[in-house]
2 protein chains.
Amino acid sequence: MTLMRVTFLGTGGGVPSISRSLPSIAISYSGELILFDCGEGAQRQMMRAGTGFKQKLTIFLTHLHGDHILGLPGLIYTLSMLDRRHPLRIIGPRGTRNFLEVLFSIRFGKLGYEIEVREIDGGVAYESRDFFVEAVDASHTVKSLAYRFRERNRPGKMKVEVLEKLGVPRGPLWGRLQRGETIEFSGRIIRPEEAVEPPRRGRTIVYTGDTRPSDEIAEFSRGADILIHDATFGSEFEEDAVKEGHSTARQAAEIALKAGVGRLYLFHISPRYEGSEERLLMEARQIFPNTHLAEDLLSIEVPLPD
Amino acid sequence: MTLMRVTFLGTGGGVPSISRSLPSIAISYSGELILFDCGEGAQRQMMRAGTGFKQKLTIFLTHLHGDHILGLPGLIYTLSMLDRRHPLRIIGPRGTRNFLEVLFSIRFGKLGYEIEVREIDGGVAYESRDFFVEAVDASHTVKSLAYRFRERNRPGKMKVEVLEKLGVPRGPLWGRLQRGETIEFSGRIIRPEEAVEPPRRGRTIVYTGDTRPSDEIAEFSRGADILIHDATFGSEFEEDAVKEGHSTARQAAEIALKAGVGRLYLFHISPRYEGSEERLLMEARQIFPNTHLAEDLLSIEVPLPD
C-alpha cells in the first residue's frame with residue numbers, strides 16, 4: 001500500500017492571520033510532491049511540516065490572485081540555492097507563463113534549473129505512473145481551476161485459495177489473470193473474475209481553490225475521499241461571498257453532501273474568523289457531519305477505501 | 001521621552017529556516033513605522049509582533065535580491081484589503097521603481113491607495129519631524145545601501161535652579177533660551193549656556209543590509225547606539241563570505257569595535273547555522289563583547305543616551 005499524505009501548509013484566505021498562512025496544500029505520494037497553490041510563506045511551511053523539497057515536485061496554481069501565488073518566487077529561488085538541478089513543473093491557467101516571465105525579468109538572483117510551465121484550460125493536467133491530476137473550471141471572479149488528484153485503480157487481490165485449489169503456480173499466469181486476461185491451465189479455462197477480486201478503487205482528493213458553490217464542482221467531486229472546499233465566510237456574510245466569488249461554510253457542506261464525499265475540509269478561512277472558527281464548523285456540520293477545519297500544518301494520511 | 005522600538009521581523013539570509021524568516025526590521029518611533037527590507041513573510045511577522053499596519057509607514061529597501069523584497073507584494077495587497085487609503089512610501093536603490101511597476105503589471109488584485117516610490121543613491125533618504133534616515137553604499141554583489149535611522153538631537157534641559165534664581169518667569173523667554181537665543185531680562189544679558197544644559201544627542205540605529213566589511217560602513221556607524229550588521233557566516237566560511245558579498249560574525253564585530261557602537265546585533269544568519277548559532281556569537285564577542293544575535297520577533301526598546 002502506498003502512503004498518501006495531505007499536508008495543509010496555509011489555510012487562510014486573502015490576508016494571512018497569526019494562525020493561518022496563505023493557501024497552499026502539499027500531497028506526498030509515491031515519492032512525488034504535489035503543491036496546490038503556493039501562497040506567501042509556503043516554503044517555510046514546507047520546512048516546518050517536513051515535506052522535503054523533493055526532486056519530483058509539481059506545482060499547480062488554481063488562479064493568479066496574489067494570495068495563491070506569492071510564495072512561488074521565494075520557493076523557486078530557495079530551490080536554486082539548495083542546488084536543485086531537476087526541472088520544476090508549474091501548471092496553471094492561462095497567464096501562468098506571463099506571471100513567471102515577468103517575475104524572472106526582475107532577476108532576484110540566479111536560477112540553476114529549468115522551469116517547465118504548462119497552461120491548461122481543464123482536463124488532465126498531469127499524469128504519473130500511479131496517479132493523475134485533472135482540472136475543471138471553478139466559479140470565481142477570475143479564471144480559476146479546481147483540481148482533482150486521483151490515484152489510479154489498483155488491480156484486485158488474487159483469490160489465493162481458489163488458485164491453489166486449481167493448482168495454478170504463482171508466476172506469470174497469476175500476473176496475466178490479475179491484468180484481466182483469461183488463461184488456460186491443465187486444459188481448463190480460467191476467467192479473471194474467478195481468480196481475482198475486483199479492482200480496488202484509487203483514492204481521490206479534490207481541491208476547489210476559490211469558488212462559488214457550483215454544480216460542476218459537485219460533479220467533479222463525486223465520491224472523492226477528501227474534498228477541500230473554499231469556505232471563506234460563514235452564512236452571515238453570504239452577500240460578501242457572492243460578491244467576492246467565494247463560498248460559505250454551509251455551501252461547502254452542501255456540495256460535500258451532494259457529491260457524497262468521504263470527508264470535507266473547510267479551507268481559505270477569512271482572517272475575520274480568527275478566534276471564532278468553530279462557528280464555521282458548526283454551520284457546516286449541520287449539513288455534512290464529517291466536516292473538519294483545515295489547520296496550518298495539519299497533516300493527514302488518506303486511508304485506503306474499504 | 002519618545003519610545004524607540006526595534007523589532008526584528010526576519011533575521012535569516014538567503015533561504016529562510018524554521019526559526020528565521022527573511023530579512024525585515026521594524027522601527028516604531030513617534031507614531032511612525034519604518035521597515036528596513038521586506039523579506040517574504042514580513043506581513044505575518046508584523047501581525048505576530050504586533051507592530052500594527054500604521055498609516056505612517058515607510059519601507060526602505062537595501063537592494064533588490066529576492067530574499068529582501070519578496071514580502072513586499074503580499075504586504076502591499078494586504079494593506080489594500082485592510083482598506084488603507086494613505087499613500088505608502090517605498091524608498092530604495094535604482095531599480096526599485098521598475099521592480100514595483102513590473103510587479104503591479106501582474107495585477108494580483110486591486111489596490112486602493114497610492115504608492116510613492118523614491119529611488120536614492122545615498123544621502124538623506126527621508127526626513128520627519130523627529131528623525132531622519134540616511135543611506136550610504138554598502139559593499140555587496142549588486143548595488144546595495146546601508147541605512148542610518150537618526151533621532152534628531154533634542155534641546156538641553158532647562159537649568160531650573162539658575163533660572164529661578166535669576167527670576168526669569170516660565171514661558172516664552174525659557175523657550176527662546178532653549179532654542180539657543182541670548183535674552184535680556186531685568187537689564188541682565190542671559191546666554192543660553194548659562195540657563196540650558198547642552199543638547200541631548202539623538203539615538204542612532206544603523207542597518208547594513210548585505211555587505212562585506214567596509215570602512216565606509218564603519219564610518220557611517222560611528223557612535224551608533226545599535227548596529228545591525230550582516231553576519232551571514234562564521235569565520236570558517238570567510239571565502240564564501242567574500243564570494244557572496246557578505247560578512248562573517250567576526251568581521252561584523254570588528255566594524256562594531258572600530259565604529260565604537262553601543263551594541264551589535266548579528267543579522268542575516270545563514271540557515272546552515274540552525275542549531276549552532278552560538279558559535280557566531282562567541283566568535284564576535286571575542287572582538288566586541290556587547291554583541292547579540294538578532295532573533296525573529298525579538299523587540300527591544302532603545303534606551304536614551306546618558
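Because the structure is predicted, anything quoted here is derived from the model rather than measured. (Residues numbered from 1 in each chain as written. Chains lettered and ligands numbered in written order. Predicted model: local features only at pLDDT ≥ 70, side-chain atom pairs only at ≥ 80, totals over all residues. Heavy atoms only, no water.)

### So, the interface of chain A and chain B
To keep things clear, this is the line we draw: The contact criterion used is simple: two residues touch if any of their non-hydrogen atoms lie within 4.5 Å. Should a side-chain nitrogen of Lys or Arg be within 4 Å of a carboxyl oxygen of Asp or Glu, the pair is scored as a salt bridge. Nitrogen and oxygen atoms within 3.5 Å of one another constitute a polar contact, given that in protein one can donate a hydrogen and the other can accept it, and given that sequence-neighbouring residues count only through two side-chain atoms. Starting at the N terminus, helices and strands are each numbered in turn, a helix being any DSSP run of H or I of at least four residues and a strand any DSSP run of E of at least two. Only Asp, Glu, Lys and Arg are considered charged in this grouping, and only Ala, Val, Leu, Ile, Met, Phe, Trp, Tyr, Cys and Pro are considered nonpolar; every other residue, Gly among them, is considered polar.
Across the boundary between the two partners, chain A contributes 33 residues, which contact 33 residues of chain B. Taken together, the links from chain A to chain B amount to two salt bridges. The salt bridge involving arginine 44 of chain B is made with aspartate 296 of chain A; its shortest N-O contact spans 3.9 Å. Counting across the chain A and chain B interface gives eight residue pairs in polar contact (both at pLDDT 80 or more). Looking at which element gives the most residues to the side of chain A that touches chain B, the answer is helix 1 (residues 42-49) of chain A, with six residues. Grouping the constituent residues of the side of chain A that touches chain B by class yields 15 nonpolar, 13 polar and five charged.

### Topic: the sheet that holds strand 9 (residues 145-151) of chain B
Residues and elements named next belong to chain B. Selection criterion: Note on pairing: DSSP must find at least two bridges between two strands before they are called paired. Between N-to-C directions, angles span 0 to 180 degrees; the directions come from axes that are lines fitted to C-alpha atoms, helices contributing only their stretch in contact.
Reading across the sheet, the seven strands line up as 7-8-9-12-13-14-15 and stay open at both edges, with mixed pairing between neighbours. Every other strand in the sheet has two partners, leaving strand 7 (123-127) and strand 15 (291-293) as the edge strands with one partner each. Across the sheet, the mean angle separating the axes of adjacent strands is 20° when strand polarity is ignored. By the bridge criterion, five bridges tie strand 13 (residues 226-230) to strand 14 (residues 263-267) in an arrangement that is parallel. Looking at strand 14, one finds that histidine 229 is bridged to leucine 266.

### Quick notes on the relation of the copies chain A and chain B
Which entries qualify depends on this criterion: When the copies are superposed, the least-squares fit draws on C-alpha atoms of residues that have pLDDT of at least 70 in both.
For these two chains of identical sequence, chain A goes onto chain B by a turn of 180° and a shift of 0.0 Å along the axis, with RMSD 0.1 Å. Expressed as a symmetry operation, the mapping of one chain copy onto the other fits a two-fold axis. Judged by C-alpha distance, glycine 41 of chain A is the residue of chain A that lies nearest the rotation axis, at 2.8 Å.

### Looking at the layout of surface pockets
Cut-off, in case you're wondering: Grid points spaced at 1 Å and placed over the protein atoms alone form the basis of the search, with a cavity being a set where a 1.4 Å probe fits but cannot get out and a pocket an open set showing protein on both sides within 12 Å along at least five of seven lines. Lining residues have an atom within 4 Å of a point. Grid points are joined across faces, edges and corners, and a volume is the space filled by probe spheres set on the points.
If you add up the space inside the largest pocket, you get close to 1,000 Å³. Taken together, 39 residues form the lining of the largest pocket, with Gly14, Val15 and Glu244 of chain A together with Met81 and Lys110 of chain B sitting closest to its centre. Of all the elements, helix 3 (residues 72-81) of chain B adds the most residues to the lining of the largest pocket, at five residues. Classifying every residue of the lining of the largest pocket by side-chain character gives 13 nonpolar, 16 polar and ten charged. Roughly 890 Å³ of internal volume is contained in the second largest pocket. Contributing to the lining of the second largest pocket are 35 residues, with Met81 and Lys110 of chain A together with Gly14, Val15 and Glu244 of chain B lying nearest its centre. The set of elements that each furnish at least two residues to the lining of the second largest pocket consists of helix 3 (72-81) of chain A together with helix 2 (66-69) and helix 9 (238-244) of chain B. By residue number, the principal contributor to the lining of the second largest pocket is helix 3 of chain A, which donates five residues. Here the residues of the lining of the second largest pocket sort into ten nonpolar, 16 polar and nine charged.

### Some words on the domain arrangement of chain A
When the parts of a complex come together, some accessible area is lost, and that lost area is often used as the size of the interface. Rules: Here the limits of each domain have been adopted from an automatic or database domain assignment.
Partitioning chain A into structural domains gives domain 1 (4-154 + 200-301) and domain 2 (160-195). Using C-alpha coordinates to define each centre, domain 1 of chain A is positioned 44 Å away from domain 2 of chain A.

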